[in-house]
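Secondary and tertiary structure notes
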Amino acid sequence: MVATVETISAVEEATGKYKYGFVTDIASEKAPKGLNEDIIRFISEKKSEPEWMLKWRLKAYRHWLKMPEPNWSKLSIEPIDYNDIHYYSAPKSAEKLNSIADVDPELIATYEKLGIPLNEQKMLAGVAVDAVFDSVSVATTFREELSKAGVIFCPISEAIQKYPELVKKYLGSVIPVADNYFSALNCAVFTDGSFVYVPKNVRCPLELSTYFRINEQNTGQFERTLIIVEDGGYVSYLEGCTAPQRDENQLHAAVVELVALTDAEIKYSTVQNWYPGDENGKGGIYNFVTKRGSCRGDRSKISWTQVETGSAITWKYPSCVLRGKNSVGEFYSVAVTNGAQQADTGTKMIHLGEGSKSTIISKGISAGKSQNTYRGLVEINRGAESARNFTQCDSLLVGQLCGAHTVPYIVSRNPSGKIEHEATTSRISEEQLFYCLQRGISEEDAVSLIVNGFCKEVMKELPMEFAVEAQKLIGISLEGSVG
Amino acid sequence: MSILEIRGLKASVDGNEILHGIDLIVNPGEVHAIMGPNGSGKSTLSYVLSGRAGYEITGGDILLNGNSIIDMEADVRARLGLFLAFQYPVELPGVSGMSFLRAAINARLREENQEEVDQLAFVKMVRAEAKKLGISDEMLKRAVNVGFSGGEKKRYEILQMALLKPIMAILDETDSGLDVDALKIVSEGVNLLRNPYRSMLVITHYQRLLSHIIPDKVHILSNGVIAKSGDKTLALQVEENGYSGIDDAA
Ligand SMILES: Nc1ncnc2c1ncn2[C@@H]1O[C@H](COP(=O)(O)OP(=O)(O)OP(=O)(O)O)[C@@H](O)[C@H]1O
Ligand SMILES: [Mg+2]
């Protein structure tokens, strides 16, 4: 808990409205701007990848060239020039690190400013961290302790070299190469991300956490995460993200694949706080992310929890494919939009297995002139005898200029399936604010109290170490949203 | 010096003048009752005093402890020790009572440059005060005012008053909706909070309340002005003859 307090003060100390908007001054090595097969070869070579990996990337790239950009969401997106982006950027000092002691002190300082101390003595007890800076993983903590338990937690670039059989077997097995435009792009150019492998009947002894940071100008971040939990295993994983304040938009197109085998459980939490752009919508991160989990084994369980406060545009639908008998999928989401932010987020629950069950709790908070859309699919397929879904979708409006939208898609191919959907929309009323003010609570604290009350059901799903930080973050994101 | 002084106060809502010039002085430790027909402006007065948005002061002044407060935001006035027990307390779905009460108390303590309350000591203190008002621990765990009965909401207002220890409390029809026993409990709670430094404005329709909380003065508000002021016997006259039986009142 000491580290949590540190985190909050780090947030408060940083200046400006977006508290993570500083830039780290560090020498970096970049690929030239642009996207073509040579760039992909360059990335693959930089990572000393085996031939099969390069082939896989090129195949994805060729697919991508033929695909149209999606335009079905409720988003209005400035056209992206895919040739105006650096697809590889690495801090110069970041090559071949064996321990935290070798990490550039500037980088350690950056993560400390973000409230993520990489120094193991200072770390949150029980949390192992992988820090990804622009395109590369710069540090992974507590590796020894994890390896004693048989858990692999390392940068995916390292996994490709050390555990090629596992990577070959599972990479792209949940999200096929040509799944969608942004995932195909990610397959072609991904630079780093985390890899987790939990062997049979092992309960991962630590919370695992990856901290993503975009630092360089005109770079995209394309991270790739793959988590595999064997029969009866369990892992809880958390990712956090920030980026400096920049006037141009930056693209973040990540892919996350989860595989849960028989009786395995994966809990995946996200606290996303990429730079949202200014009030008028200048700058900010395009957060176009594909996340999907496969509940492959019977009684397996995957649970997504996300707190999305940042990014100019968020486009993500962490999903579960419930293949196993009696498998369970959960999606808990808080999406906060303010200023000119846009979010189109939700989930897909694809029921294939008999008795599979899913729960969706979505809390959207819109302020300023932002637009916040929940989009979710619940699909019960023929073999999914007695499958069940419960969906609850609540929207809270702060002010008069914002919008909240709910777009549920329901497909039922098995009459024994049961789908429940509840939705509410409410507004923070002047009466409620006055009631708080009259008790001496400032307007900002009042909004924060009411909003945190509104999303309590989701917040309690976050690992405790991060719940306080996330609560604070929601308060900060809504600063200046009333009055 | 008076705790509250209202001088020639005029106020409008949506461009309609509701209060047409009110003068009132409440000295330390005094309890004043305000009575008056429905729609005469009693709640409006309480909102204007506490600084609710949309209630525009078009004339006069309000002094709290000798200082004008009309340019202050509602939360600033509250932290100076002005408290309003609402006629219709507001529900805050999802906001746990404990965190709400704590936020309120800490805001007040910060203002006075004091340390924030210790979590454990705070819970103890709230439970003790709640017990006096017949509020169960279970109710304290619920979201603020959500699912509370009318009477429970009123008790909860007085609990907040007990915790926040205001110098000037306005009670807007705290007695409405209370059963006989609850009225007694709440009145006793209020009486316990009476002291030489704390003043109160008690808005009510019923003499019944004033036989429990005995006022130093009674004012009749009618059509946005104070039509008559007197001692506690004025309330009895209202009870007997209605407002039409009072000189100068509507
Ligand atoms: N927003 C508004 N616009 C116009 N008139 C208003 C508005 N709000 C209140 N009023 C009017 O102001 C007058 C005073 O209302 P107020 O609520 O202060 O009365 P009250 O004395 O508290 O009545 P009660 O005994 O019923 O509680 C009423 O005539 C009411 O209709
Ligand atoms: Mg009233």
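Keep in mind that this is a model prediction, so the values were computed, not measured. (Residues numbered from 1 in each chain as written. Chains lettered and ligands numbered in written order. Predicted model: local features only at pLDDT ≥ 70, side-chain atom pairs only at ≥ 80, totals over all residues. Heavy atoms only, no water.)

1. Digging into the overall build of chain B
A tally of regular secondary structure across chain B gives nine helices and ten strands. Taking 18 Å as the expected radius of gyration for a compact globule of 250 residues, we find that chain B reaches 18 Å, a close match to that expectation. Principal-axis analysis of the C-alpha atoms places the extent of chain B at approximately 55 × 40 × 35 Å. When the 250 residues of chain B are sorted by exposure, 53% land in the buried category. Within chain B, contacts between residues separated by at least 24 positions form 68% of all contacts whose residues are at least 6 apart in sequence. Positive and negative side-chain charges in chain B, numbering 26 and 33 respectively, have mean positions lying 6 Å apart. (Helix = DSSP H or I, 4+ residues; strand = E, 2+ residues; numbered from the N terminus. Rg over C-alpha atoms; globule rule 2.2 N^0.38 Å. Buried < 20%, exposed > 50% of the residue type's maximum accessible area, 1.4 Å probe, protein only. Contact = heavy atoms within 4.5 Å. Lys, Arg positive; Asp, Glu negative; His and termini not counted. Charge placed at Lys NZ, Arg CZ, Asp CG, Glu CD.)

2. Comments concerning the overall build of chain A
Counting its secondary structure elements, chain A contains twelve helices and 23 strands. Counting all 483 residues of chain A, 64% fall into the buried class. Of the contacts made within chain A by residues no fewer than 6 positions apart, 84% connect residues no fewer than 24 positions apart. A total of about 17800 Å² of accessible surface is found on chain A, and carbon and sulfur atoms cover 48% of it. (Areas by Shrake-Rupley, 256 points an atom, 1.4 Å probe, with all protein chains shown as cover.)

3. Quick notes on the interface of chain A and chain B
Contacts between chain A and chain B engage 18 residues on the former and 32 residues on the latter. Summing the contributions of chain A and of chain B, the shared interface buries around 2000 Å²; its carbon and sulfur component is 63%. Taken together, chain A and chain B are joined by three salt bridges. A salt bridge links Arg110 of chain B to Asp445 of chain A; the shortest N-O distance between them is 3.7 Å. In this assembly, chain A and chain B are joined by twelve residue pairs in polar contact (both at pLDDT 80 or more). For the side of chain A that touches chain B, the element with the most residues is helix α9 (residues 430–438) of chain A, which contributes eight residues. (Buried area = accessible area lost by both parts, 1.4 Å probe. Salt bridge = Lys/Arg side-chain N within 4 Å of Asp/Glu carboxyl O. Polar contact = N/O pair within 3.5 Å; in protein donor to acceptor, adjacent residues only side chain to side chain.)

4. Here's the deal with the coordination of the magnesium ion (ligand 2)
All names here are of chain B. Within the protein, Ser43 (OG) and Gln87 (OE1) serve as the donor atoms for the magnesium ion (ligand 2), at 2.0 to 2.2 Å. On the criterion of sequence distance, the pair formed by Ser43 in helix α1 (residues 42–50) and Gln87 in the loop between β6 (82–85) and α3 (97–111) is long-range, its members being 44 residues apart. Judged on exposure class, the residue Ser43 and its partner Gln87 are both buried. (Donors = N, O, S within 2.8 Å, 3.2 Å for Na, K, Ca; no water.)

5. Overview of the state of the cysteines
Residues and elements named next belong to chain A. Summed over the entire model, instances satisfying the criterion amount to zero disulfides over all chains. For the unlinked cysteine Cys154, the closest cysteine sulfur is that of Cys204, found at 13 Å. Cys436 carries a free sulfur, and the closest cysteine sulfur to it, the one in Cys455, is 15 Å from it. In this structure Cys436 comes out as buried when scored by relative accessible area, which is 0%. (Disulfide = S-S within 2.5 Å.)

6. Notes on the site of ligand 1
All names here are of chain B. By nearness alone, 15 residues border ligand 1, and Gly39, Lys42, Ser43, Thr44 and His205 come closest of all. In this structure, Gln87 approaches ligand 1 through a side-chain N or O atom, which is 3.2 Å from an oxygen atom. Contact with the protein chains removes 63% of the 640 Å² of surface that ligand 1 exposes when unbound. Those elements that provide at least two residues to the shell around ligand 1 are β2 (16–26) and α1. For the shell around ligand 1, the element with the highest residue contribution is α1, accounting for three residues. (Near = heavy atom within 4 Å.)

7. Quick word on the nonpolar core
Across soluble globular proteins, you tend to see nonpolar side chains buried next to one another. Within the largest apolar cluster, 101 residues are counted, with the highest numbers of intra-cluster contacts made by Ile365 of chain A together with Phe100 of chain B. Looking at which element gives the most residues to this core, the answer is helix α6 (residues 150–164) of chain B, with seven residues. Ile365 of chain A has contacts with Val334, Ala335, Val336, Thr337, Asn372, Leu396, Val398, Val451, Phe454, Cys455 and Leu478 of chain A, leaving out every residue within four places of it along the chain. In this structure, Leu58, Ala159, Ile175 and Val177 of chain A belong to the second largest nonpolar core, which totals 54 residues. (Core = buried A, V, L, I, M, F, W, Y, C linked by side-chain atoms within 4.5 Å.)

8. Section: unusual backbone geometry
For Asp263 of chain A, which is not glycine, the phi torsion reads 60° and is therefore positive. According to the relative accessible area criterion, Asp263 of chain A is partly exposed, its value standing at 38%.

9. A word on the sheet that holds strand β1 (residues 4–13) of chain B
All names here are of chain B. The sheet built from four strands is open, its strands ordered β2-β1-β4-β5 with antiparallel pairing. Each of the sheet's edge strands pairs with one partner strand only, and the pair in question is β2 and β5 (67–68). The pairing of strand β4 (residues 55–64) with β5 spans two bridges and is classified as antiparallel. Bridge pairing in β5 links Leu63 to Ser68. Most of the contacts of α1 go to β1, to which it runs at about 110°, and overall it touches β1, β2 and β4. (Pairing = 2+ DSSP bridges. Axes fitted to C-alpha atoms, helices over the stretch in contact; angles between N-to-C directions.)

10. What about the pattern of salt bridges?
Residue and element names in this part refer to chain A. Tallied over the entire structure, the rule returns 32 salt bridges over all chains. The partner of Asp38 in a salt bridge is Arg41, with the nearest N and O atoms 3.9 Å apart. One end of the pair is Asp38 and the other is Arg41, both in helix α2 (residues 37–46) and three residues apart, which spans about a single turn. Classification of Asp38 as exposed rests on a relative accessible area of 55%. Among the residues examined, Arg41 registers a relative accessible area of 35% and is labelled partly exposed. Residues joined by salt bridges that share partners form a network here, namely Glu37, Asp38, Arg41 and Arg62.

11. Examining the sheet that holds β6 of chain B
All names here are of chain B. What the six strands build is an open sheet, ordered β6-β7-β8-β3-β9-β10; its pairing is mixed. With one partner strand each, in any of the chains shown, β6 and β10 (225–230) form the two edges of the open sheet. The average angle at which neighbouring strand axes cross in this sheet is 20°, direction not considered. Bridge analysis of strand β3 (residues 31–35) against strand β9 (residues 217–222) gives four bridges, and the strand direction is parallel. When the sheet's bridge partners are listed, Met35 is paired in β9 with Ile220. Here α6 sits on the sheet and contacts β6, β7 (168–172) and β8 (199–203); the angle it forms with β6, its principal contact strand, is near 165°.

12. Examining the confidence of the model for chain A
Residues and elements named next belong to chain A. Put simply, chain A has an average pLDDT of 81, and 78% of its residues get 70 or more. The low-confidence segment residues 1–18, where pLDDT is below 50, has 28 contacts with residues more than four positions distant or belonging to other chains. Within the model, pLDDT remains below 50 along residues 120–126, and this stretch shows 18 contacts once partners closer than five positions in the same chain are excluded. (pLDDT = per-residue confidence, 0-100.)

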